Amino acid sequence: MHGYHGKLLLVDLTSRSAESKILDEDVLLNFIGGTGLATYLLYNYCPVGVDPLSPGNPLIFATSPLVGSRLTTSSKFAVAAKSPLTGLIGDSLSSSFLATELKNTGHDALIIVGASDFPTLLSITDDQVEFIDATDLLGLNTFETEQAVKDRLGRRYRVACIGPAGENLVKFASISNDGGRQAGRTGPGAVMGSKNLKAIGLRGHSSCSVFAPDALNVVAEDLSRRSLGPATEKYRTIGTVENLSVFDRLGTLPTLNFQQSTFDAVEAISGETFSRSHHVKNAHCANCTIGCEHVMSTTDGTVKGRMEYESAFALGSLVGVMDPNSVIKASVFCDEMGMDTISAGGTIAWAMETAGAGLIDSDLRFGDSDMVLDTLEKISNREGIGDLLADGTRIASETVGGGSGDWAMHVKGLEMPGYEPRSLKTMALALSVSTRGACHNRSSAYEADFSNRVDRLSVDDGRGRIAMEGEDRSAVMDSLIWCKFLRKAFTDFYAESAEIYTNITGMNVTPEMLQEAGERINNVKKLFNIREGWTRADDTLPRRVLTEALPTGIVKGIGLGQDELDVMITSYYEARGWDEDGMIPPEKLHELGIRISENVLAAM
Amino acid sequence: MGSPHENVNVTVEFFGSARLAVGQPEARLEVPSKSNVGIISRILVGELPGLRGIVVDDTGALLSSHTLSIGGTIFLDDSLIELNDGDRMLLFSSQMGG
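Positions within a chain are numbered from 1, following the residues in the order the chain's sequence is written. Labels follow written order: the first chain is A, the first ligand is 1, and so on. Under the rules for a predicted model, residues below a pLDDT of 70 receive no local features and side-chain atom pairs below 80 are neither given nor counted, while totals for whole chains, interfaces and linings still include all residues. Just so you know, side-chain values use all the structure's heavy atoms and leave hydrogens and water out.

J.: Explain the interface of chain A and chain B to me, using residue names and the numbers behind them.
T.: Each partner contributes to the interface: chain A provides 35 residues, whereas chain B provides 26 residues. A quick way to say it: buried area is the sum, across both parts, of accessible area lost when two parts are put together, with a 1.4 Å probe. The three residues of chain A that bury the most area against chain B are Pro230(A), Arg249(A) and Asn452(A), which together make up 23% of that side's buried surface. Only one rule defines a salt bridge in this text: a Lys or Arg side-chain nitrogen within 4 Å of an Asp or Glu carboxyl oxygen. Across the contact surface, chain A and chain B share 2 salt bridges. Nitrogen and oxygen atoms within 3.5 Å of one another constitute a polar contact, given that in protein one can donate a hydrogen and the other can accept it, and given that sequence-neighbouring residues count only through two side-chain atoms. Counting across the interface, chain A meets chain B through 15 residue pairs in polar contact (both at pLDDT 80 or more). Every element with two or more residues in the side of chain A that touches chain B is listed here: α8 (233–237), α9 (243–250), α10 (271–277), α11 (309–314) and α18 (446–449) of chain A. Here a strand is any run of E in DSSP of at least two residues, a helix any run of H or I of at least four, and the numbering for each starts at the N terminus. Considering every element that reaches the side of chain A that touches chain B, the biggest residue donor is α9(A), with 6 residues. Residue composition of the side of chain A that touches chain B, by class: 14 nonpolar, 9 polar and 12 charged. Contact definition: two residues touch when any of their heavy atoms are within 4.5 Å. Each residue is assigned to one of three groups, with Ala, Val, Leu, Ile, Met, Phe, Trp, Tyr, Cys and Pro labelled nonpolar, Asp, Glu, Lys and Arg labelled charged, and all others, Gly among them, labelled polar.

J.: Any details on the confidence of the model for chain A? Residues and values, ideally.
T.: The quantity known as pLDDT measures the predictor's confidence residue by residue, on a range of 0 to 100. When pLDDT is averaged along chain A, the result is 97; 100% of the residues meet or exceed 70. Mean pLDDT across the elements of chain A ranges from a minimum in strand β18 (residues 596–597) of chain A, with 91, to a maximum in strand β12 (residues 197–203) of chain A, with 99.

J.: Run through the pattern of salt bridges, naming residues and quoting values.
T.: Side-chain pairs of opposite charge can arise where the charged atoms are in close proximity. Residue and element names in this part refer to chain A. All told, the structure shown has 41 salt bridges over all chains when counted by the stated rule. Among the ionic pairs, Glu532 bridges to Lys82, the shortest N-O distance being 2.6 Å. Taken together, the residues span a long stretch of sequence, with Glu532 in the loop between α21 (511–531) and α22 (543–547) and Lys82 in strand β4 (residues 76–82) at a distance of 450 residues. Comparing Glu532 with Lys82 shows no difference in burial state: the two are buried. Among the salt bridges present, the one from Asp478 reaches Lys484, with a minimum N-O distance of 2.6 Å. Each member of the pair, Asp478 together with Lys484, is buried. Each residue's exposure class comes from its accessible area (1.4 Å probe, protein chains only) as a fraction of the maximum for that residue type: buried when under 20%, exposed when over 50%, partly exposed otherwise.

J.: An account of the domain arrangement of chain A is requested, with residue identities and associated values reported.
T.: Residue and element names in this part refer to chain A. A domain assignment, automatic or from a database, supplies the domain bounds used here. In terms of domains, chain A is made up of domain 1 (7–203), domain 2 (227–415) and domain 3 (421–601). Just the C-alpha atoms count here: the centres of domain 2 and domain 3 sit 25 Å apart. Domain 2 puts 30 residues into the contact, and the matching count from domain 3 is 35 residues. Approximately 2400 Å² of surface area, both sides summed, lies buried where domain 2 meets domain 3, with 63% of it carried by carbon and sulfur atoms. At the junction of domain 2 with domain 3, the criterion picks out 3 salt bridges. In this structure, the salt-bridge partner of Arg543 is Asp406, at a minimum N-O distance of 3.5 Å. Applying the counting rule to domain 2 against domain 3 returns 12 residue pairs in polar contact (both at pLDDT 80 or more). Elements supplying a minimum of two residues to the side of domain 2 that touches domain 3: α9, α13 (341–356), β16 (410–411) and β17 (414–415).

J.: Lay out the sheet that holds β4(A) with the relevant residues and their values.
T.: Residue and element names in this part refer to chain A. One bridge is not enough; two strands pair if DSSP finds at least two bridges between them. Taken in spatial order, the 6 strands make up an open sheet running β2-β1-β6-β3-β4-β5, and their pairing is mixed. Looking at which strands have only one partner, the edges of the open sheet turn out to be β2 (17–22) and β5 (89–95). The sheet shows a mean angle of 20° between the axes of neighbouring strands, direction not considered. The sheet contact formed by strand β1 (residues 7–12) and β2 spans 6 bridges and is antiparallel. Following the sheet pairing, Leu10 is matched in β2 by Glu19. Orientation is described by axes fitted as lines to C-alpha atoms, over the contacting stretch for helices, and by angles from 0 to 180 degrees between their N-to-C directions.

J.: Kindly report on empty space enclosed by the protein, identifying the contributing residues and their values.
T.: Unfilled space is identified by rolling a water-sized probe across the atoms. Residue and element names in this part refer to chain A. Lining residues are defined by having an atom within 4 Å of a point belonging to a cavity or pocket. Those points lie on a 1 Å grid over the protein atoms alone, cavities being sets where a 1.4 Å probe fits but cannot get out and pockets being open sets with protein on both sides within 12 Å along at least five of seven lines. Grid points are joined across faces, edges and corners, and a volume is the space filled by probe spheres set on the points. Counting across every chain of the model gives 5 cavities of 30 Å³ or more. If you add up the space inside the largest cavity, you get close to 1000 Å³. Forming the walls of the largest cavity are 44 residues, and the residues nearest its centre are Lys76, Leu93, Gln182, Glu308 and Asn441. At the level of elements, β5, β11 (181–183), α11, α12 (324–337) and α13 are the ones that each hand at least two residues to the lining of the largest cavity. The biggest single contributor to the lining of the largest cavity is β5, with 4 residues. A class-by-class count of the residues in the lining of the largest cavity yields 13 nonpolar, 17 polar and 14 charged.

J.: Give me the lowdown on the pairing of strand β4 (residues 66–70) of chain B, citing residues and values where you can.
T.: Residue and element names in this part refer to chain B. Burial within β4 is extensive, with 5 of its 5 residues counted as buried. Neither face of β4 is left uncovered, since the one carrying His66, Leu68 and Ile70 and the one carrying Thr67 and Ser69 both have all their residues buried. As defined by bridge partners, β4 adjoins strand β7 (residues 88–93) across 5 bridges and the pair is classed as antiparallel. When the sheet's bridge partners are listed, Ile70 is paired in β7 with Met89. Once β4 ends, the chain turns through 3 residues before running back antiparallel as strand β5 (residues 74–75), passing Gly71 with a positive phi of about 70°.

J.: Describe in detail the sheet that holds strand β8 (residues 128–133) of chain A, supporting the description with residues and values.
T.: All names here are of chain A. A sheet is described by the order of its strands in space; here 6 strands give the open sequence β8-β7-β12-β9-β10-β11, paired in mixed fashion. The sheet terminates laterally at β8 and β11, the two strands that pair on one side only. This sheet shows a mean twist of 20° between the axes of neighbouring strands, independent of strand direction. Summarising the sheet, strand β9 (residues 158–161) and strand β10 (residues 175–177) pair through 2 bridges and their orientation is antiparallel. Paired with Cys161 across the bridge in β10 is Ser176. The sheet contacts of helix α4 (residues 142–153) involve β7 (120–125), β8, β9, β10 and β12, and relative to β9 the element is tilted by about 140°.

J.: Describe the packing of α12(A) against helix α14 (residues 369–381) of chain A, naming the residues involved and giving the relevant values.
T.: Residues and elements named next belong to chain A. Close contact between α12 and α14 brings their axes to 10 Å; oriented N to C, the two are set at 5°. In terms of their interaxial angle, α12 and α14 are classed as roughly parallel. For the pair α12 and α14, contact is made by Ser326, Lys329, Ala330, Phe333, Cys334 and Met337 and by Ser369, Val372, Leu373, Leu376, Glu377 and Ser380, respectively. For the contact of α12 with α14, the residue count by class is 7 nonpolar, 3 polar and 2 charged. Reported orientations rely on four angle classes, namely roughly parallel under 35 degrees, roughly antiparallel over 145, roughly perpendicular from 65 to 115, and oblique for the rest.

J.: Please set out the state of the cysteines residue by residue, giving values where relevant.
T.: All names here are of chain A. Two cysteine sulfur atoms make up a disulfide if the distance between them is within 2.5 Å. One pass over the full model with this rule turns up 0 disulfides over all chains. Residue Cys439 stays outside any disulfide, its sulfur separated by 14 Å from that of Cys483, the closest cysteine. For Cys439, a relative accessible area of 1% corresponds to the buried category.

J.: Run through the nonpolar core, naming residues and quoting values.
T.: Residue and element names in this part refer to chain A. Nine residue types can take part in a nonpolar core, namely buried Ala, Val, Leu, Ile, Met, Phe, Trp, Tyr and Cys, and a core is a set of them joined through side-chain atoms within 4.5 Å. Counting 157 residues, the largest nonpolar core has Phe274, Leu376 and Trp482 as its most contacted members. For this core, the element with the most residues is α13, which contributes 8 residues. Once residues lying within four places of it in the same chain are set aside, the contact partners of Trp482 are Leu66, Leu71, Thr72, Thr73, Lys76, Leu223, Met477, Phe490, Phe493, Ser497 and Ile500.

Written out as structure tokens, the structure is:
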């Protein structure tokens, strides 16, 4: 076998045991790796109805056939577990050296089950597994934890860890690796914390052979060259924070808890301002030629960290904060504590509006940057109001009641990202039907909205196919795994990816087979959710989106009715070959080669 | 609305690297009332040479890294489009990922 080890490592924290298990070639071929492989494993290892924060919930890390190759942006890994935020499939991606080191242990995936009865550092050196007391690491932030583990195990170990937020089971806690990169969405850090697992140290010496190394090198060099061209210009020059001023002008910048989609003070926190006044340097993940990361500093130089659009929107316009120094501090603090910035900002924005309505006893108000920082600290420690907010917007609004659910901006429990659905109608559909909740990355449907392909301000029954195609393509990207920022560098994504996959693995894969794998992966994600109780009613958007028109900017007066959303959802189910309730008929499963017996997904 | 041979005055707003390159948020241009992305980009780089190599290539064509839009709903391509006096165009990155 080339490109894969054909093995996974199963670690049981309860019994302190580990075993290698064979991964069938058919499974790898049909689910590729990364998110696809993690989805397959989650379906088979997650007990039906399990409490996400109980020992039974498996925490899965998956690499891919591209990991370890020279291919640009390929040092990535997927994390999956049943999400404590949504109760449905939770998956997230992160990048850099940890991906390669995990694969170097001789395994394509790592599954962690059970829970330890003491704070644990899990050390994995090739096949050797140790369960080390990590009591002394408790309370350390993610950067401190990573360094402490390296001090203990050796500097060449790569570390995945949680911060105080994960220890305190904040439901949107992230898993941190390689100096602050985060597997952030859907709360995998809380799952790790529930297992009493503070950190994982990885070191390995096994590499995978490549079927056609010379051919792969030619493709790799060409792709690296293209990755430095116009297709990635924004990510290299200003970074994703460039979105702020553009989205404001286009009326797609969520502001003041989605009460409007323009921000009067956007210039103060715009990408142009960050670039001119706060930029320190560019950085990049291992094995990446793009270098999209932009390290920003506060004006006084005391706080430095990576700044991305999603963090800047969630901790800026969404909460009405116009001070760039405060936005940087809040974003870096989330990375230190190990929290998803989108969910953190979204939950605080809900609390600000709820406090303004007199439904909770708090001084939180839009625009109060000091209160944002204070509340983030309370959330990470579950102190005071932070204990309520640490459960995320959905549970907090259900607890408080009083109509606060009307402005709880989540889908299926996952807080909304920085793409206003009322003025991005294809994105609205994708947000509503996404299996992991309000997610922009599992479809990239906004790309259609920002093009002549559709009218982003109106709906039609062609959106279902667009959303489906975006989801399937994203599933393949997340399984191979490519960075999404490389997507415009491909001239024919499926053809080029199939050629690369074949060069690495020697398995003769066609573009059509890859595309079908994307469809298969999304159907299995959906199957997982159906098994956990999903119904069509879950495919919806927050009440505010469906009842209030946008009040400002060039999109003033634009709304989205339930009937309009229903048209798009129906078209999506039809495009997928699902029934009118969104269930997957047996013939579709058969078409995709999906066979299930007693809750086990069969190898194909 | 102008005839095919008339010129109209439009405003181009700059975002991101384009704004940093020209050091101003917008510029007024006189352009043919029937224009496409190539016509606009050549006039634009003639007025603002700082855009060359960043937004516009050596031939005057708009690089694929950027897009020109009217109101964020109409995206200019090679097709001729009718422009009106006072139209506002937005020049921003074609990469919208966050």
